[in-house]
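Chains, contacts and geometry: an overview
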Amino acid sequence: MRTLIVEYETGREISSESFLRRYGFCDTVWTGEKTIRAYSASLQSPLPYDLICLDLTTPGLNGPDVLRQIRV
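Each chain has its residues counted from 1, running along the sequence as written. A pLDDT threshold of at least 70 governs which residues receive local features in this predicted model, and a stricter bar of 80 or more applies before side-chain atom pairs are shown or counted, although totals over entire chains, interfaces and linings include all residues. No hydrogens and no water enter the side-chain calculation; it runs on all heavy atoms of the structure.

In DSSP terms, a helix is any run of H or I states spanning at least four residues, a strand is any run of E spanning at least two, and both are numbered starting from the N terminus. For the chain, the helix and strand inventory stands at 3 helices and 3 strands. Each helix and strand of the chain, placed in order from N terminus to C terminus, yields the pattern β-α-β-α-β-α. In this treatment the radius of gyration is a C-alpha quantity, and the globule benchmark scales as 2.2 Å times the residue count to the 0.38 power. Computed over C-alpha atoms, the radius of gyration of the chain comes to 11 Å, within 12% of the 11 Å expected from 2.2 N^0.38 for 72 residues, which places it in the range of a compact globule. Relative accessibility thresholds used throughout: buried, under 20% of the residue-type maximum; exposed, over 50%; partly exposed, between the two (1.4 Å probe, protein chains only). Counting across all 72 residues of the chain, residues that qualify as buried make up 32%. Carbon and sulfur atoms make up 59% of the accessible area of the chain, which totals about 4600 Å². For the area figures, the Shrake-Rupley method with a 1.4 Å probe applies, and any residue is considered shielded solely by the protein chains shown.

Structure (structure tokens):
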């Protein structure tokens with residue numbers, strides 16, 4: 001399983017990544033803009049993300065804004 005973790009606060013990111021890493025590969029980003037870039041890049045790869053854990057309060061584009069963009 002390939003997971004994208006989007007969390008602004010470092011402490012939560014570390015705990016989420018350590019928990020999810022046992023199920024497969026994890027990438028971590030901290031902003032909404034980087035989330036969209038990572039997601040778009042994964043769609044072009046042979047292994048797109050299976051799961052995205054999205055923080056609602058990322059700086060710049062917040063979680064709901066990111067979700068609206070990637071669901072199009």
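And the narrative resumes.
All right, on to the nonpolar core then. Nonpolar side chains tend to gather and get buried jointly when the protein is soluble and globular. Leu4, Val6, Val29, Ala38 and Tyr49 form the largest nonpolar core, which has 5 residues in total. In what follows, a contact means two residues having at least one pair of non-hydrogen atoms within 4.5 Å. Beyond its immediate chain neighbours, meaning those up to four positions away, Val6 contacts Val29, Thr31, Thr35, Ile52, Cys53, Leu54, Asp55 and Thr58. For this analysis, a nonpolar core means a set of buried residues of the types Ala, Val, Leu, Ile, Met, Phe, Trp, Tyr and Cys, connected via side-chain atoms within 4.5 Å.

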